Amino acid sequence: MKKTGWIPTACYQCKAECAVLVRVEDGKIKEIRGNPRHGGKACVKAMAGISLEYAQDRLTYPLKRVGKRGEGKFERISWDEALEIITTKLKALKDRGEAHKLTANFFPHSITDPKWRFLNAYGGFINTALPHCDSAKIVAFIKTMGGVPNHHIPPAWLAVPKDGMMILVGRHAFGGMDDATIPRDVLDAKGRGAKLVVIDPLFTADAAKADWWIPIKPSGDTAFFLGMIHHIIANDLYDKEFVNDWVREGDFDKLRAYIADKTPEAMSKICDVPAATIKKLAEDCAKAPSVGVDSFKGIMLGRALDFGHAWTIFLAITGNIDNPGGQPLPDVTPLAPVEPVPQGPDLHELGWHRTGPDKETFAKYSFIMEPTWYESQAIKNGDLKVLIAAEANPALTEMGQEEWQKAVCMPGENGEYQLELLVTYEIMPSETSRYADIVLPDKSYFERWELLYMPWWYNFGQGIILRQPVVEAPGECRHSNEVFIEIGKRLTPEYFQFKDDVAYYDIQLAGLGLSVEKLQEMGGVWSPGTMGFRKYKKRGGFGTPSKKLHLYWEDLEEMNQALPRPGLASEYGVDEDKYPFILVSYRSIFHAGAGQWTHNNPQLRDRVSGLYENPILVNRTAAEKIGIDDGDVVTLSSRTGRVKVRAKVTERIRPDCIGILHGFGSTVGRVASMGEGVSDNILIPDAGSALEWQDVVGGEAHVSCRVQIEK
Ligand SMILES: Nc1nc2c(c(=O)[nH]1)N[C@H]1C(S)=C(S)[C@@H](COP(=O)(O)OP(=O)(O)OC[C@H]3O[C@@H](n4cnc5c(=O)[nH]c(N)nc54)[C@H](O)[C@@H]3O)O[C@H]1N2
Ligand SMILES: Nc1nc2c(c(=O)[nH]1)N[C@H]1C(S)=C(S)[C@@H](COP(=O)(O)OP(=O)(O)OC[C@H]3O[C@@H](n4cnc5c(=O)[nH]c(N)nc54)[C@H](O)[C@@H]3O)O[C@H]1N2
Ligand code: SF4
Ligand SMILES: [Mo]
């Protein structure tokens, strides 16, 4: 192959998968830049992709466990042997009528990812991280507006007019990006005269650029938004025309009655933000030509679905749906289906998410995907028998990681493990692969084909980006998609009648009159060229049964959730005296997840140009009270775990919170295992063990807990 020149492809140093150009000289990568045809931006991690590609730790052939799970002892095996072990186990599981006890934990790069196709055909479950990310918002979006369950969908920052409002609530958009162009678009909008408001217990990089930082009490966001909704309605500041035309008849009156006692003063007591602040922001929003509200992980605490609900109501009464600078409505790319389309198993019938204390109640909620947070619980219950982790690192990313690690080592019957097979698909050894029975070496994102159309690409609506090989893969690496197609051909051949991955993408692209080759000629990017605004008008309404917005959710009446409830996360009320602080985890621009691929990157872990450790953030007032100085090593404990970590004393966090950067604490990998970094998930309890507090939303993060800090 030995390519030379600038080649368009897609970055995968994080899940945003931005379009990039890669300069290759004689088969070696020399330089990486943003692709000007798709925003033109690439972040610091993208540039460090070269260090990943040529990392010494790359896996290059399949491995089989020889010691006990967790010991990390492996021997080299052939691909034939690896595939034989996997297909034999999967065949036996299916013959036993337990296909649904296979879960693959992976990140889907498109809604028709070949790995997902295999799972649907076979009858297993996908377990993406989506339930952690923002599933509460997605579920709320579907319930109020109808439509497709697209992931994330940030506001149209690039279209915010002068005087528009941009609100980040539980969203650290400049650190945890979903497109490298977003910081520039937000700052450009500010340059045009728009205002940026950050609602976050932490003074983030975004807050540093904001007009207004509102340090809210964690999980107080629903109360805050209800206070604003009250103020807007009570003072007749809502968008009457939009509400009359587009809100289902009767819903607004029910809301008005319900909201009567949710005054800014009452809500202020819950969220610990002055009532005057709630009123001022409400008035600013009511006046502004547009309001965009972006939230992500930070609202996935406590009663997350209630926040999602309040968010959709707020957008509706201020008329900020599918307008420039407001909340876009997602669209679907008209790719052709690959027939026959496998149906997939019934989550409610077979899923192990209903292992909670109150199955009746659980059954009333809509689950869009299998929640990750029950993996350890499901293993203990005998409901998870084969786990394939591809592009995921649950040994560190699961809340209560030690519970997960214990569960995968749990003995079962006949001398087997309770979890009968654990396979990891990785580019380098990870904490999770230490426990695996089989470790498979993947091709990196510079070495493989992939058709990407995750709907969180916000720049051009439902764009498609082609990932194409720019260099050759080392050793015996094979892309997971190729391998899942191979396993599919063996186990469910009727669904795998195409030749290979490229042939699969060609069938889909035919729906757009395209092919992989044609997409290559077009520079690897297809886009409708616009997001389109107020699409609901052209479509004759919204995707709900009434075609109008459903502010009132009658299906949740029985659970007292027909309208959003303002309370804080219930778990914060437990053991307050023993654990006085609330842990707040957040991300950094330098690293992605708990993944090995940035934490093991010498450029990104560099003390000067990267991020080497994750000292915890302690407010100066709190530090003085407990006698902690900047740089002290402290013990941080929760009701389930304890770590030793360095403290950074700062004003950039609320006095009742402790900040911790998520993702550190790997014990595997030459670079990743260095330093004093700790994993937050040692402190955060396994969600399966906290079901009495479970906020049933179709997914829950629980990325927080109460902690104590001691010198
Ligand atoms: N560089 C980088 N980019 C990423 C990722 C990555 O790991 N690294 N991960 C990707 C993924 S999977 C995701 S899901 C997204 C996540 O994107 P974000 O959710 O924007 O990322 P976080 O940094 O976790 O931001 C959460 C913010 O919420 C705040 N917060 C915590 N609790 C509360 C609360 O109760 N209320 C409010 N208002 N704020 C709160 C935290 O202080 C933090 O600033 O990022 C994606 N992009
Ligand atoms: N405490 C706490 N826990 C959290 C979060 C938090 O904010 N705080 N965030 C939660 C969220 S929102 C999410 S989405 C999850 C994410 O959790 P996971 O989905 O487990 O994701 P990562 O930690 O990003 O792990 C990705 C793995 O993929 C590997 N990888 C990278 N590139 C490739 C490739 O090309 N091929 C293969 N096969 N592997 C590759 C990396 O080495 C890494 O080990 O974590 C959740 N856990
Ligand atoms: S945000 Fe940065 S690391 Fe993530 S895909 Fe885009 S350029 Fe790559
Ligand atoms: Mo996520």
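Rules and cut-offs
- Residues numbered from 1 in each chain as written.
- Chains lettered and ligands numbered in written order.
- Predicted model: local features only at pLDDT ≥ 70, side-chain atom pairs only at ≥ 80, totals over all residues.
- Heavy atoms only, no water.
- Helix = DSSP H or I, 4+ residues; strand = E, 2+ residues; numbered from the N terminus.
- Rg over C-alpha atoms; globule rule 2.2 N^0.38 Å.
- Buried < 20%, exposed > 50% of the residue type's maximum accessible area, 1.4 Å probe, protein only.
- Lys, Arg positive; Asp, Glu negative; His and termini not counted.
- Charge placed at Lys NZ, Arg CZ, Asp CG, Glu CD.
- Near = heavy atom within 4 Å.
- Nonpolar A, V, L, I, M, F, W, Y, C, P; charged D, E, K, R; others polar.
- Phe/Tyr/Trp six-rings, centres within 6.5 Å; stacked < 30°, edge-to-face > 60°.
- Domains from an automatic or database assignment.
- Polar contact = N/O pair within 3.5 Å; in protein donor to acceptor, adjacent residues only side chain to side chain.
- Areas by Shrake-Rupley, 256 points an atom, 1.4 Å probe, with all protein chains shown as cover.
- Core = buried A, V, L, I, M, F, W, Y, C linked by side-chain atoms within 4.5 Å.
- Contact = heavy atoms within 4.5 Å.
- Axes fitted to C-alpha atoms, helices over the stretch in contact; angles between N-to-C directions.
- Parallel < 35°, antiparallel > 145°, perpendicular 65-115°, else oblique.
- Left-handed = near helix turned anticlockwise from the far one by under 90°.
- Salt bridge = Lys/Arg side-chain N within 4 Å of Asp/Glu carboxyl O.
- Pairing = 2+ DSSP bridges.

1. Concerning the overall build of the protein
Here is step 1 of the chain: Secondary structure summary: the protein contains 25 helices and 23 strands in total.
Here is step 2 of the chain: Computed over its C-alpha atoms, the radius of gyration of the protein comes to 25 Å, within 12% of the 27 Å expected for a compact globule of 711 residues.
Here is step 3 of the chain: Along the three orthogonal principal directions, the C-alpha set of the protein runs to about 70 × 60 × 50 Å.
Here is step 4 of the chain: Per-residue burial for the protein yields a buried fraction of 64% across its 711 residues.
Here is step 5 of the chain: Taken together, the 84 basic and 94 acidic charged side chains of the protein have centroids lying 3 Å from each other.

2. Details of the site of ligand 3
Here is step 1 of the chain: Every residue near ligand 3 is listed here: C11, Q13, C14, A16, E17, C18, A42, C43, K45, A46, M177 and A180.
Here is step 2 of the chain: When its residues are assigned to classes, the shell around ligand 3 shows nine nonpolar, one polar and two charged.

3. A short note on the packing of aromatic side chains
To describe a pair of aromatic rings, one takes the distance between the centres and the angle between the planes.
Here is step 1 of the chain: Taken as a whole and assessed by the stated rule, the structure comprises 21 aromatic pairs.
Here is step 2 of the chain: Both rings, one in F118 and one in F484, keep their centres 5.8 Å apart while their planes meet at 65°; by these two values the pair is edge-to-face. Remark: F484 occurs in helix 20 (residues 480–491) and F118 occurs in helix 4 (residues 114–122); sequence separation between them is 366 residues.
Here is step 3 of the chain: Relative accessible area serves as the criterion here: at 0%, F118 is assigned to the buried category.

4. Section: the domain arrangement of the protein
Here is step 1 of the chain: What the domain assignment reports for the protein is domain 1 (5–53), domain 2 (63–127 + 343–454 + 464–523), domain 3 (135–330 + 534–554) and domain 4 (570–710).
Here is step 2 of the chain: The straight-line distance from the C-alpha centre of domain 2 to that of domain 3 is 35 Å.

5. Things to note about the site of ligand 2
Here is step 1 of the chain: Taken together, 30 residues surround ligand 2, and among them K297, N393, E426, R448 and A594 come closest.
Here is step 2 of the chain: A distance of 3.1 Å separates a nitrogen atom of ligand 2 from a polar atom in the side chain of S585.
Here is step 3 of the chain: Measuring from a nitrogen atom of ligand 2, one finds a side-chain N or O atom of D680 at 2.8 Å.
Here is step 4 of the chain: Against a free-state accessible area of 930 Å², the protein chains account for coverage of 97% of ligand 2.
Here is step 5 of the chain: Mapped onto the shell around ligand 2, the elements with two or more residues apiece are helix 5 (130–133), helix 18 (394–397), strand 13 (421–426) and helix 24 (596–599).
Here is step 6 of the chain: Grouping the constituent residues of the shell around ligand 2 by class yields 12 nonpolar, nine polar and nine charged.

6. Notes on the nonpolar core
Here is step 1 of the chain: Formed by 57 residues in total, the largest nonpolar core has its most connected members in I199, F224, F225, L255, L281 and I317.
Here is step 2 of the chain: Sort the elements by how many residues they give to this core and helix 14 (residues 304–317) lands first, with nine residues.
Here is step 3 of the chain: Sequence-distant contacts of L281, defined by excluding residues within four places in its chain, comprise M165, I167, V197, I199, W212, I214, F224 and M228.
Here is step 4 of the chain: One finds A121, Y122, V386 and F496 within the second-largest nonpolar core, a separate group that totals 48 residues.

7. Quick word on the packing of helix 4 against helix 20
Here is step 1 of the chain: The geometry of helix 4 relative to helix 20 is characterised by a closest axis approach of 8 Å and an angle of 25° between their N-to-C directions. Overall, the two elements helix 4 and helix 20 adopt an arrangement that is roughly parallel. The way helix 4 lies across helix 20 gives a crossing that is left-handed. Every residue of helix 20 that contacts helix 4 at P114, K115, F118 and Y122 is listed here: S480, N481, F484, I485, I487, G488 and L491.

8. Examining the pattern of salt bridges
Here is step 1 of the chain: The final tally for this structure, using the stated rule, is 51 salt bridges.
Here is step 2 of the chain: R58 is the partner of E53 in a salt bridge, and the nearest nitrogen-oxygen pair spans 3.7 Å. In terms of burial, E53 and R58 fall into one category: buried.
Here is step 3 of the chain: Measuring nitrogen to oxygen at the nearest pair gives 3.6 Å for the salt bridge that ties E416 to K89. In this pair, E416 sits in the loop between helix 19 (401–408) and strand 13 while K89 sits in helix 3 (residues 79–95), placing the two residues 327 residues apart along the sequence.
Here is step 4 of the chain: With relative accessibility at 34%, the residue E416 sits in the partly exposed group.
Here is step 5 of the chain: A relative accessible area of 17% places K89 in the buried class.
Here is step 6 of the chain: One salt-bridge network, in which partners are shared between bridges, spans K89, R96, E98, K101, K385, E416 and E420.

9. Side note on the pairing of strand 12 (residues 386–390)
Here is step 1 of the chain: Of all five residues that make up strand 12, five are buried, and the element is covered over most of its length.
Here is step 2 of the chain: By the alternation rule, side chains of strand 12 split into V386, I388 and A390 and L387 and A389, which are all buried.
Here is step 3 of the chain: Bridging between strand 6 (residues 102–106) and strand 12 involves five bridges; their strand directions are parallel. Within the sheet, the bridge partner assigned to T103 lies in strand 12 and is L387.
Here is step 4 of the chain: Alignment of strand 12 against strand 13, held across five bridges, turns out to be parallel. Its bridge partner lying in strand 13, A390 is registered against Y425.

10. Some words on unusual backbone geometry
Peptide bonds are trans in most cases, and residues, glycine excluded, mostly fall at negative phi.
Here is step 1 of the chain: Here E339 and P340 are connected by a cis peptide whose omega angle stands at -10°.
Here is step 2 of the chain: Residue placement: P340 occurs in the loop between helix 14 and helix 15 (347–350).
Here is step 3 of the chain: Backbone geometry places R534, a non-glycine residue, at a positive phi of 45°.
Here is step 4 of the chain: For R534, the position within the fold is in the loop between strand 17 (525–526) and helix 23 (535–538).
Here is step 5 of the chain: Classification of R534 by relative accessible area gives partly exposed; the value is 35%.

11. A word on the packing of helix 9 (residues 221–234) against helix 11 (residues 251–259)
Here is step 1 of the chain: At a closest axis distance of 10 Å, the pairing of helix 9 and helix 11 adopts a crossing angle of 110°. The pairing of helix 9 with helix 11 is recorded here as roughly perpendicular in orientation. When you trace helix 9 past helix 11, the crossing you get is left-handed. Contacts between helix 9 and helix 11 involve L226, I229, H230 and I233 on the former and, on the latter, F252, L255, R256 and I259.

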